[in-house]
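Observations on the three-dimensional arrangement
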Amino acid sequence: MDVSEGGVTVSVPTASGGGEGAADDVFFNATQELNRDLTVATLAAFREREPRAASYLDAMTASGIRGVRAANAGWDVTMADVDADAVELATSNLARNGLDGEVVARDANSLLHDHDRVLDVVDIDPFGSPMPFADAAFANARNLVCVTATDTAPLCGAHFESGVRKYSATPRNTNYHAEMGLRILLGALARTAARYDVGVTPILSHVSDHYVRTYLELDHRATDANAAVEQVGHVYHCQQCLSRDHEYGLVAAPRAECPRCGGHQVLTAGPLWLGPAHEEAFAASVREQLTREMGEASQAFHLLQTIEGELHEPTHYDQHRLYSQWGEPAVGMAEFLDQLRDAGLRASRTHFGGTTFKTDGGLAEVEAAVL
Ligand SMILES: C[S@@+](CC[C@H](N)C(=O)[O-])C[C@H]1O[C@@H](n2cnc3c(N)ncnc32)[C@H](O)[C@@H]1O
Ligand SMILES: [Zn+2]
């Protein structure tokens with residue numbers, strides 16, 4: 001069947017209209033249109049920031065939809081997949097839109113390591129964890145690495161051993177699991193890039209549906225890599241009172257007891273990324289690149305707006321969860337945030353959920369402000 005998205009029309013396996021299709025079909029997920037709309041808008045915003053950026057590798061292309069959309073936006077595109085059927089489909093999808101580009105049957109790692117031209121932007125969109133491709137991406141990309149991770153259960157600590165294996169970290173299953181997943185991923189990516197003397201700066205990140213997506217700008221000096229590693233540390237989370245704190249550095253200092261409630265169930269999570277996961281100005285510039293022909297433009301607009309306003313504290317709270325802990329009825333979010341601000345705290349919504357918020361205050365200050 002044909003799918004039209006963002007100004008291109010591609011053929012995808014018939015069964016895959018609403019989901020991921022049959023197991024042996026070439027992969028296509030209609031529900032990732034938001035991810036692809038944001039990719040195209042991010043590429044456009046990034047080109048304004050880095051005008052030399054011209055080449056884009058869609059390293060796991062499947063039907064080719066993402067690479068075709070990038071080619072349609074003027075990028076010099078290479079699309080790769082290990083699956084011969086995917087390569088055939090992506091080749092015909094590029095051609096039927098009258099676009100130039102190279103489609104190759106290659107393993108992403110081997111292609112990255114012996115590509116004969118500079119790859120300005122590399123997009124890693126595998127099944128599950130991106131970590132098996134992260135070394136090759138950071139060793140060979142020049143400006144930007146885009147990463148999707150769909151293994152959210154390992155990332156957030158729900159599938160603990162798998163998370164430990166894939167991310168060389170200790171993810172913990174907290175009530176801010178989506179952000180835990182994002183920060184475990186960012187921490188692992190920053191440490192991987194550092195092996196190649198590459199420093200990463202996350203300029204946009206979001207957790208939507210069941211995937212994590214992040215865009216990492218690269219700098220190629222050892223000092224940049226050091227600066228990125230300095231953004232990595234640990235979160236200490238009390239399972240009893242939900243209080244948490246964090247510390248930078250690769251050496252963990254597990255808490256014997258919670259400084260707030262004295263409980264002994266304080267989890268240590270990390271190493272994970274404690275720095276900003278986005279740049280406000282860049283998120284705003286991506287928002288300006290959304291176009292009418294993008295099917296998820298409206299959702300993308302609201303998502304970016306929320307991200308722009310989001311504080312950079314490394315964990316968030318769910319206001320409903322707190323009120324249930326306090327045994328009180330929850331109030332509206334706008335009123336709640338006003339109460340925090342009236343008490344002199346910084347406070348923002350987050351894109352992790354409609355009742356989530358971030359603040360620079362500790363839990364005791366939040367309680368004092370709203371109860
Ligand atoms: C999640 S799909 C990609 C979806 C696509 N980027 C999109 O936006 O619709 C993952 C693809 O990676 C391919 N793949 C798996 N291992 C690979 C490897 N080592 N190198 C390149 N492609 C690989 C699979 O054949 C599959 O087509
Ligand atoms: Zn506690």
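Residues numbered from 1 in each chain as written. Chains lettered and ligands numbered in written order. Predicted model: local features only at pLDDT ≥ 70, side-chain atom pairs only at ≥ 80, totals over all residues. Heavy atoms only, no water.

1. Here's the deal with the domain arrangement of the chain
Entries for the chain in the domain assignment read domain 1 (2–309) and domain 2 (317–370). Each of domain 1 and domain 2 has a C-alpha centre, and the two are 29 Å apart. Summed over both partners, the interface of domain 1 with domain 2 comes to about 1200 Å²; 56% of that surface belongs to carbon and sulfur atoms. Here Arg-260 and Glu-367 are joined by a salt bridge, their closest N and O atoms 2.6 Å apart. Across the contact surface, domain 1 and domain 2 share four residue pairs in polar contact (both at pLDDT 80 or more). (Domains from an automatic or database assignment. Buried area = accessible area lost by both parts, 1.4 Å probe. Salt bridge = Lys/Arg side-chain N within 4 Å of Asp/Glu carboxyl O. Polar contact = N/O pair within 3.5 Å; in protein donor to acceptor, adjacent residues only side chain to side chain.)

2. Overview of the UniProt feature "binding site: Zn(2+)" in the chain
In this structure's numbering, the residues bearing the UniProt feature "binding site: Zn(2+)" are Cys-238, Cys-241, Cys-258 and Cys-261. A maximum C-alpha distance of 8.5 Å among these annotated residues, which run over 24 residues, shows that they cluster at one spot. Checked against the element boundaries, Cys-241 lands in the loop between strand S10 (232–238) and strand S11 (244–248). If near-sequence neighbours (up to four positions away) are discounted, Cys-241 is found in contact with Cys-258, Arg-260, Cys-261, Gln-325 and Leu-363. Structurally, the position occupied by Cys-261 is in the loop between S11 and strand S12 (266–273). (UniProt positions renumbered as here; feature names shortened; annotations may be inferred. Helix = DSSP H or I, 4+ residues; strand = E, 2+ residues; numbered from the N terminus. Contact = heavy atoms within 4.5 Å.)

3. A few points about helix H1 (residues 33–49)
Structurally, the α-helix is built with 3.6 residues per turn, so residues lying three or four positions apart point the same way. Over its 17 residues, H1 extends 24 Å from the first C-alpha to the last, a length consistent with the 24 Å expected when each residue adds 1.5 Å. Taken across its 17 residues, H1 has 14 buried, putting it largely inside the fold. (Expected span 1.5 Å × (residues − 1). Buried < 20%, exposed > 50% of the residue type's maximum accessible area, 1.4 Å probe, protein only.)

4. Some words on the site of ligand 1
Around ligand 1, the structure places 19 residues, and the nearest of them are Met-60, Asp-81, Asp-107, Ala-108 and Asp-125. A distance of 2.7 Å is found between a nitrogen atom of ligand 1 and a side-chain nitrogen or oxygen belonging to Asp-125. In isolation ligand 1 exposes 610 Å². Once the protein is present, 89% of that is buried. For the shell around ligand 1, a count of residues per class yields 10 nonpolar, one polar and eight charged. (Near = heavy atom within 4 Å. Areas by Shrake-Rupley, 256 points an atom, 1.4 Å probe, with all protein chains shown as cover. Nonpolar A, V, L, I, M, F, W, Y, C, P; charged D, E, K, R; others polar.)

5. Digging into the packing of aromatic side chains
Under the defined criterion, the tally for this structure stands at five aromatic pairs. Pairing Tyr-323 with Trp-326 gives two aromatic rings, centres 5.0 Å apart and planes at 80°, and the pair type is edge-to-face. Remark: Trp-326 and Tyr-323 occur in helix H12 (residues 319–326); sequence separation between them is three residues, near one turn of the helix. For the residue pair Tyr-323 and Trp-326, the accessibility class agrees, reading buried in each case. Relative to Phe-357, the ring of Phe-336 has its centre 4.7 Å away and its plane inclined at 70°; by these criteria the two rings are edge-to-face. One end of the pair, Phe-336, is in helix H13 (residues 333–342); the other, Phe-357, is in strand S15 (residues 356–359), and 21 residues separate them in sequence. Classification of Phe-336 as buried rests on a relative accessible area of 0%. (Phe/Tyr/Trp six-rings, centres within 6.5 Å; stacked < 30°, edge-to-face > 60°.)

6. Here we look at the pairing of S15
The alternating pattern of S15 places Thr-356 and Lys-358 on one face and Phe-357 and Thr-359 on the opposite face, and all of these are buried. As defined by bridge partners, strand S14 (residues 347–349) adjoins S15 across three bridges and the pair is classed as antiparallel. Paired with Arg-349 across the strands is Phe-357, a residue of S15. Connecting the antiparallel pair S14 and S15 is a turn made up of six residues. (Pairing = 2+ DSSP bridges.)

7. What about the coordination of the zinc ion (ligand 2)?
When a metal holds four donors in a tetrahedron, each ideal angle between them is 109.5 degrees; when it holds six in an octahedron, the ideal angles are 90 or 180 degrees. Looking at the metal site, the zinc ion (ligand 2) is ligated by Cys-238 (SG), Cys-241 (SG), Cys-258 (SG) and Cys-261 (SG), spaced 2.3 to 2.4 Å from it. Every donor counted, the four donor atoms about the zinc ion (ligand 2) form angles of 105 to 116° at the centre, which fits tetrahedral coordination. (Donors = N, O, S within 2.8 Å, 3.2 Å for Na, K, Ca; no water. Tetrahedral: all angles 85-135°; square planar, octahedral: opposite > 155°, others 65-115°.)

8. Quick notes on the pattern of salt bridges
Oppositely charged side chains can form a pair if their charged atoms are brought close together. Following the criterion strictly, the structure yields 22 salt bridges and no others. Arg-213 is the partner of Asp-123 in a salt bridge, and the nearest nitrogen-oxygen pair spans 2.9 Å. Residue Asp-123 is located in strand S6 (residues 119–124), and its partner Arg-213 is located in strand S9 (residues 211–219); the two are separated by 90 residues in the primary sequence. Both residues of the pair, Asp-123 and Arg-213, count as buried.

9. Let's talk about the nonpolar core
By size, the foremost hydrophobic cluster in this structure holds 49 residues, and its most contacted members are Phe-138 and Val-200. Residue contributions to this core peak at nine residues, all from helix H8 (residues 177–194). Those residues in contact with Phe-138 that sit more than four places away from it in its chain are Val-145, Leu-189, Thr-192, Ala-193, Tyr-196, Val-198, Val-200, Leu-216 and Leu-218. Counting residues in each nonpolar core, the second largest holds 43 residues, with Phe-46, Leu-99, Phe-282 and Ala-283 among its members. (Core = buried A, V, L, I, M, F, W, Y, C linked by side-chain atoms within 4.5 Å.)

10. What about the packing of H1 against helix H2 (residues 65–72)?
The axes of two packed helices give the description: the angle between them and the distance between them. The contact between H1 and H2 brings their axes to 10 Å, and the two run at 30°. Between H1 and H2, the crossing angle belongs to the class labelled roughly parallel. Viewed along their axes, H1 and H2 form a crossing whose handedness is right-handed. Contact residues: Glu-33, Asn-35, Arg-36, Asp-37, Thr-39, Val-40 and Leu-43 in H1; Ile-65, Arg-66, Arg-69 and Ala-70 in H2. Class assignment of the residues belonging to the contact of H1 with H2 gives a composition of four nonpolar, two polar and five charged. (Axes fitted to C-alpha atoms, helices over the stretch in contact; angles between N-to-C directions. Parallel < 35°, antiparallel > 145°, perpendicular 65-115°, else oblique. Left-handed = near helix turned anticlockwise from the far one by under 90°.)

11. Regarding the UniProt feature "binding site: S-adenosyl-L-methionine" in the chain
Sites flagged by UniProt as "binding site: S-adenosyl-L-methionine" map to Arg-36, Arg-66, Asp-81, Asp-107 and Ala-108. Structurally, the position occupied by Arg-66 is in helix H2. The contacts of Arg-66, once residues within four sequence positions are left out, are Gln-32, Asn-35, Arg-36, Thr-39, Tyr-56, Asp-58, Asp-123, Asp-125 and Arg-213. Here Asp-107 lies in the loop between strand S5 (102–105) and helix H4 (108–114). A relative accessible area of 34% places Asp-107 in the partly exposed class.

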